[in-house]
Each structure stands twice: as structure tokens, then as C-alpha cells.
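Understanding the architecture of this molecule
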Amino acid sequence: MLAPMLHCSECAFANAEGAKYCQKCGAFLGEPGEEDRESTASYRIDQASGELIPVDLDDLLAEEGALLVIRGGGRAGESFALDADRLTIGRGPDSNIFLDDVTVSRDHALLVRRNDQWFLDDLGSLNGTYVNRRRIDTQQLEDADELQVGKYKLTFLSR
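Residue numbers here run from 1 along each chain, matching the order of that chain's written sequence. Per-residue local features of the predicted model are confined to residues with pLDDT of at least 70, and side-chain atom pairs are confined, for both listing and counting, to 80 or more; whole-chain, interface and lining totals are unaffected and use all residues. The basis for every side-chain value is the complete set of non-hydrogen atoms in the structure, without hydrogens or water.

What follows covers the pattern of salt bridges. The rule for a salt bridge is simple: a side-chain nitrogen of Lys or Arg has to be within 4 Å of a carboxyl oxygen of Asp or Glu. In total, this model carries four salt bridges according to the counting rule given. Where Asp 101 meets Lys 151, a salt bridge forms, and the shortest distance between an N and an O atom there is 3.4 Å. You can see Asp 101 sitting in the loop between strand 8 (97-98) and strand 9 (109-114) and its partner Lys 151 sitting in the loop between strand 14 (146-149) and strand 15 (152-158), a full 50 residues away along the chain. Between buried and exposed lies partly exposed: a residue is buried under 20% and exposed over 50% of the maximum accessible area for its type, with that area taken using a 1.4 Å probe on protein chains only. Lys 151 sits in the partly exposed class, given a relative accessible area of 29%. Salt-bridge contacts for Asp 121 lead to Arg 114; the nearest nitrogen and oxygen are separated by 2.4 Å. The class of Arg 114 is partly exposed, set by a relative accessible area of 33%. Where helices and strands are cited, they refer to DSSP runs of H or I of at least four residues and of E of at least two residues respectively, numbered from the N terminus.

Structure, rendered in C-alpha cells:
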């Protein structure tokens, strides 16, 4: 007898019954509105020790003005302060926001501040860069925009 499967509404992947998130794309599999009731602790990784350090998002937003929080790809809750005018996103080891997966190009995208606004630029990546599920070449970001880089989904937060 086959185990019941739950199909993802985003990518149609067959997930095991009871799964909350799609194994393939990271989309939420529950009822609409249910995802908003859950919260994820945010953290950053200490570069020296590799330990997880809890982050207060409100404090970080007040300090830096903008940040990204990963929602998918197995690193949910990891946050990145946008503390420079240009930040690279990619699989290359020198990327400011390092996303280690074959679905991410070495030099995938660039976050850049222009006239006090944040923009996301695709750098010719193979799998594309998406904002709110639309493939983009360049896009001005607004608070709560959903970014997708490879299998990673990130949320852009700003004051």
C-alpha cells in the first residue's frame, strides 16, 4: 500500500502526508492563513565558531534599515543585515550572501542601494531571480517582498 501524498500547489511535487513545507520548493503546504500563525526564530551564523546567534529583527531593522530573512532551502530564519550599499548573492565563496546549492549561480544576483531605495539585479543567472514570483532583470524592492534565488526563498524587510 502506498503512503498518502500531499501535492504542492506551487510546483506539484508529491510530499509525504503531514509535511508543512514542500521538500522541492519550500512552499507552505497548509491551509491559507495558517502560515501566518507560526513564527520562526531568526538567527545569524557566527563566522568564527559556526554557532547560531539569535537575532531580534526589530533591533536589526532599526540599526540597518533593511535585511533579508531566509524562508526556504533548509535555512529558515537565517537573516542577513543589508549593511553595505552593494551585496552579492551567490554560490561563490566570496559572496556576501552565500547560498550553497547547485540551483544558485556563483554570481547570481546583486542587492544595491540606489537613492535610498534597494534594488535586486539578476546577474545573468541560469535559473533566474524572482520577486513576488515574477522573473526579473532588475526590481526595486518594497517591504515584505518575496525573493527567490534558486531553491531559496527570502523575505525583504525594511523600516
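Further notes follow.
The subject of this paragraph is the confidence of the model for the protein. Atomic detail in the predicted coordinates should be set aside for any region of low pLDDT. Every residue is assigned a pLDDT by the predictor, reflecting its confidence on a scale from 0 to 100. Counting all residues, the mean pLDDT for the protein is 81, and 82% of those residues have values of 70 or more. Per-element mean pLDDT across the protein ranges from 67 in helix 1 (residues 57-64) up to 97 in strand 13 (residues 138-140).

Here we come to the sheet that holds strand 8. Only strands that DSSP links by at least two bridges are regarded as paired with each other. Taken in spatial order, the five strands of this open sheet run 8-7-9-10-13, and their pairing is mixed. Edge positions in the sheet fall to strand 8 and strand 13, since each has one partner strand and no second. Sheet topology note: the strand 9/strand 10 (residues 117-122) ladder contains six bridges and is antiparallel. The residue bridging Val 112 from the neighbouring strand is Phe 119, located in strand 10.

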